[in-house]
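For reference, the chains in residue letters:
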Amino acid sequence: MQKNLLEYLEKTAKRIPETPAFVDECTTLTFFGLHQQSRGIGTALGRQLASCNRPVVVLAERSVQMVVALLGVLYSGNFYVPLDSQMPPQRVEALLSQLQPAALIYSTAVEALAASFSGLCPLFSIEQALDTEPDDALLSRCRQQVLDVDPAYMIFTSGSTGMPKGIIVSHRSVIDFTDWFTEAIGITGADILGNQAPFCFDTSVKDLYSTLKTGATTHILPKKFFMFPLLLIRYLHAHQITVLSWSASAFHLVANSGVFEKEVPGSLKKVNVGGESLQAKQLNIWRKALPQVQYFNCYGPTEATVDCAYYPIHREFADTEVIPIGKACANMELFLLDQEGHPVSRGSAGELCVRGSGLAQGYYLDWEKTDSAFVQNPRNPWYPDRIYRTGDLAVEDPDGNFRFLTRKDNQVKHMGYRVELGEIETALNSLPKLQAAVCLFDQTRDRILCIYEGPLTGDEIAAALRPLLPRYMLPNLYHQVDHMPYTIHGKIDRGQLKRTYDENSHKL
């Protein structure tokens, strides 16, 4: 029985040691090199840290070196916490104070930033740790202290109160997910993956552990390519990329850029999209340009280990249709509950709940929030049975596929009607000339605000929406922006939009 994620690397490095594992702009690292370097870092950390199963922060540029550091933390018997080096220093400091990590390991590129946190935890240089000769006896002792139910990583996500939530995910959860994901998507050692997601975003887990398990090669795509989509497409083509696991925002960005009118990456075989709602308009642009590709719509909160549902796309969708999030992944269950915690009938809306091996351990140092989100299954009064209430509203269709509707906090009462802002956003995002659109609700003034990116006026948008939505669902205000703000996780930053609106609402 596999107990530790590092077993993927060890088996693959033994089987195909000279095969490239990870590639960035400067470095190509084989599975043998990855195995040796990460064990060196694990040894350096293990000698200095009198701890096991404690958080170790990794602060580095998105690179092959960062992958080595993440795995090195696992070799030390601890779990890794990747942080974005572009984050404001004050935010990093706040997270470190909240986390109280056993150590912080950093790259030379962010040495000055890391040095400013020397009073909060021990610091380790990745470059210096790489010079350490692996100590087999020490690494064996570290491994023996880690069970499959112990943490593998922790990822911070934004919290509704403004304080980030640290979500702890175990080795067992990631092993189960990786075994399912590689089989369901059909990833093999012959594939070449194109990584888009930062390592502090859980979509990257797909690229990282699919590579280690199957012996595929992952190219870490430079962030700058997403500002110049033609360069991105040419890179995918030149390096014969076959599999993409991207955020919906990146997927939509490429579709909206018009780049497929100039060039297409003919080597692509599989594309799975997650993180936010996949829009049919942008999907259709990809499918028209790349009809040979198998597309998957994936859904899952970080609390459920990347994805807990997926939908292989085998039919045409109108631009105005909602694409299903599909059915549960292996060893996971999805079901809907009403506000009182009772199951709802098929075809009725309810809160999407999840149970199974993918459930996270909970929130780091936040027992109250953990107990409110990870609760006893109300359908089971006989023994402990933990579920996660996602806060997402969904409906199950006659085929057993779930369809995401909106966040619970996106359901508002407007003009006496219950309105789902997500339904309005689906209609908006189907309009041909809109690149992106978000709806906010001003409860004080009882009005819906549409914030959009694209060359249309508010009157033109309203006219296009009238055939699609009832009158009471039409936005009351339209505000055009040059570019949508995005979070470090690649999602539209609704919090920033809301703060900007609140600050300027008296002008609108």
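The preceding data block contains the structure.
Described in the following lines is the structure provided in the data block. This one's a predicted model, so the numbers in the text were calculated from it and none came from an experiment.

1. What about the pattern of salt bridges?
Scanning the model with the defined rule gives 24 salt bridges in all. Between Glu425 and Arg494 there is a salt bridge, with the nearest N and O atoms lying 2.9 Å from each other. Of this pair, Glu425 sits in helix α14 (residues 421-429) while Arg494 sits in helix α16 (residues 494-504), and the two are 69 residues apart along the sequence. Using a relative accessible area of 7% as the deciding quantity, one classes Glu425 as buried. By relative accessible area, which is 30% here, Arg494 ends up partly exposed.

2. Some details on the packing of aromatic side chains
In total, this model carries 15 aromatic pairs according to the counting rule given. Geometrically, the ring pair formed by Trp180 and Phe181 is tilted, given 6.1 Å between the ring centres and 50° between the ring planes. The pair formed by Trp180 and Phe181 is uniform in burial state, with each residue classed as buried. Considering the side-chain rings of Tyr363 and Phe374, the 5.7 Å spacing of their centres and the 65° angle between planes classify their relative orientation as edge-to-face. Of this pair, Tyr363 sits in strand β18 (residues 362-363) while Phe374 sits in strand β19 (residues 374-376), and the two are eleven residues apart along the sequence. Classification of Tyr363 by relative accessible area gives buried; the value is 6%. Three or more aromatic residues link up through ring pairs in this structure, and these residues are Phe226, Trp246, Phe251, Phe260, Trp286 and Tyr295. The residue whose ring lies beneath Arg315 is Phe317, and the NZ or CZ to ring-centre distance is 3.8 Å. When the ring centre of Phe335 is taken as reference, the NZ or CZ atom of Arg379 above it lies at 3.5 Å.

What counts and how
Residues numbered from 1 in each chain as written. Predicted model: local features only at pLDDT ≥ 70, side-chain atom pairs only at ≥ 80, totals over all residues. Heavy atoms only, no water. Salt bridge = Lys/Arg side-chain N within 4 Å of Asp/Glu carboxyl O. Helix = DSSP H or I, 4+ residues; strand = E, 2+ residues; numbered from the N terminus. Buried < 20%, exposed > 50% of the residue type's maximum accessible area, 1.4 Å probe, protein only. Phe/Tyr/Trp six-rings, centres within 6.5 Å; stacked < 30°, edge-to-face > 60°. Lys NZ or Arg CZ within 6 Å of the ring centre and 35° of its normal.

Read these as geometric descriptors, not functional statements.
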